[in-house]
Amino acid sequence: MIFVGDGALLRRAVAHAAARGHRVDLVCSADPLDAAAAGPATPHLDPAPDVNAHADTLAAACTDGIVWSVNNRHIFRAPLLSLGLRIVNVHNGLLPQHRGLPSAAIAFALLHGDTEYGATVHEVDAGIDTGPVLAEQRFPVGPEDRFHQVMLRGVRACRTLFEQTLPAVAATVTTGAPVAAPPAPAARTAPSAYYGTRALGRLADHRHDPAFARATDLGPFAAHAPELARALDLVRAMEP
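What you see as residue numbers is a count from 1 along each chain, following the sequence as written. pLDDT decides what is reported in this predicted model: residues at 70 or higher carry local features, side-chain atom pairs at 80 or more are listed and counted, and totals for whole chains, interfaces and linings draw on all residues regardless. Note that the side-chain values use all heavy atoms of the structure and ignore hydrogens as well as water.

### Focus on the side chain of Asp25
Only DSSP runs of H or I reaching four residues or more are called helices, and only runs of E reaching two or more are called strands; each is numbered from the N terminus. Its place among the elements puts Asp25 in the loop between helix H1 (7-19) and strand S2 (26-28). To sort residues, take the accessible area from a 1.4 Å probe on protein chains only and compare it with the maximum for the residue type: under 20% means buried, over 50% means exposed, and anything in between is partly exposed. A relative accessible area of 5% means that Asp25 is categorised as buried. Pairs of N or O atoms within 3.5 Å make up the polar contacts considered here, provided that, within protein, one atom can donate a hydrogen while the other can accept it, and that residues adjacent in sequence are counted only when both atoms are side-chain atoms. At 2.7 Å, the side chain of Asp25 forms a polar contact with the backbone nitrogen of Met1. Among the polar contacts listed, one links the side chain of Asp25 to the side chain of Thr63, at a separation of 3.0 Å.

### A word on the nonpolar core
Nonpolar side chains in soluble globular proteins tend to end up buried together. Side-chain atoms within 4.5 Å are what join buried Ala, Val, Leu, Ile, Met, Phe, Trp, Tyr and Cys residues into a set we call a nonpolar core. One finds Phe3, Trp68, Phe147, Leu203 and Leu228 to be the most contacted residues of the largest nonpolar core, which totals 57 residues. Only heavy atoms enter the contact rule, under which two residues are in contact if any of them lie within 4.5 Å. The residues contacting Trp68, other than those within four sequence positions of it, are Met1, Ile2, Phe3, Val4, Val88, Val90, Val121, Phe162, Thr165, Leu166 and Val169. By size, the runner-up hydrophobic cluster in this structure holds 14 residues, among which are Leu26, Val51, Phe76 and Leu80.

### Things to note about the packing of aromatic side chains
The description of two aromatic rings rests on the distance between their centres and on the angle between their planes. Two rings from Phe, Tyr or Trp (for Trp, the six-membered ring) form a pair when their centres sit within 6.5 Å of each other. Planes less than 30 degrees apart are called stacked, planes more than 60 degrees apart edge-to-face, and all others tilted. Taken as a whole and assessed by the stated rule, the structure comprises 4 aromatic pairs. These aromatic residues form a ring-pair network of at least three members: Phe3, Trp68 and Phe162. For a Lys NZ or an Arg CZ to count as sitting over a ring, it must be within 6 Å of the ring centre and within 35 degrees of the ring normal. Here the basic side chain of Arg202 rests over the ring of Phe108, its NZ or CZ set 5.4 Å away from the ring centre.

### Quick look at unusual backbone geometry
That bond from Ala78 to Pro79 is cis: its omega, 5°, falls within 30 degrees of zero. Its location among the elements puts Pro79 in the loop between strand S4 (66-70) and strand S5 (86-91). Cis geometry is found at the peptide bond from Leu95 to Pro96, where omega equals 15°. Structurally, Pro96 can be placed in the loop between S5 and strand S6 (99-100). Backbone geometry at Asn71 places phi at a positive 50°, although glycine is not the residue there. Examined against the element boundaries, Asn71 turns out to sit in the loop between S4 and S5. At Asp129, a residue that is not glycine, the phi angle is positive and equals roughly 60°.

Any link to function would need more than the numbers given here.
What follows is the structure in structure tokens.
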């Protein structure tokens, strides 16, 4: 299996998969140490600026047809999507209501008064966070919860979901069908919403909202949410 992403969440996923006996064919990330988490000889590829430009490399390297997307900022497109690889994404947010950048989704979830957040594992299709959902983990959001608290719980939920769904996804290689896994969530009526960089431009409209301070309290995640941090700098510049 191949892993695409960055950061501690990716590295832990790589290490967990290797420790459970799964072959890690390639790790695509900015830091070669992410690949070393699976063993010193694990191949590494820096996919910047576009992972899709390396489609042939991924197809040649993958021995089981599985690609994991963990804390991944790249958007999978052609030709990568047409190679028959099964791409599974671990998303910090509930789908379909929290599609897009997790940092933006969390900020607006708090501004909108959402009482639940969570993480989702889903198949990747040609859309952005629109593929079939395999599993999710939900947790409550209280009226005083702040951005950095929700983000941390989301990261922990992502790690848990990956570890829970890994055996079932890997089992498709030998059985052709998943084995026991967390039950797929029941169909929900939550409206689909996408939060990308354009959505961050609307933050200024909420700067007088009572929830604005807690929705933008990045805490230790400021360095990991650069788009949101820049948007907040612009909002602050508007103040007299």
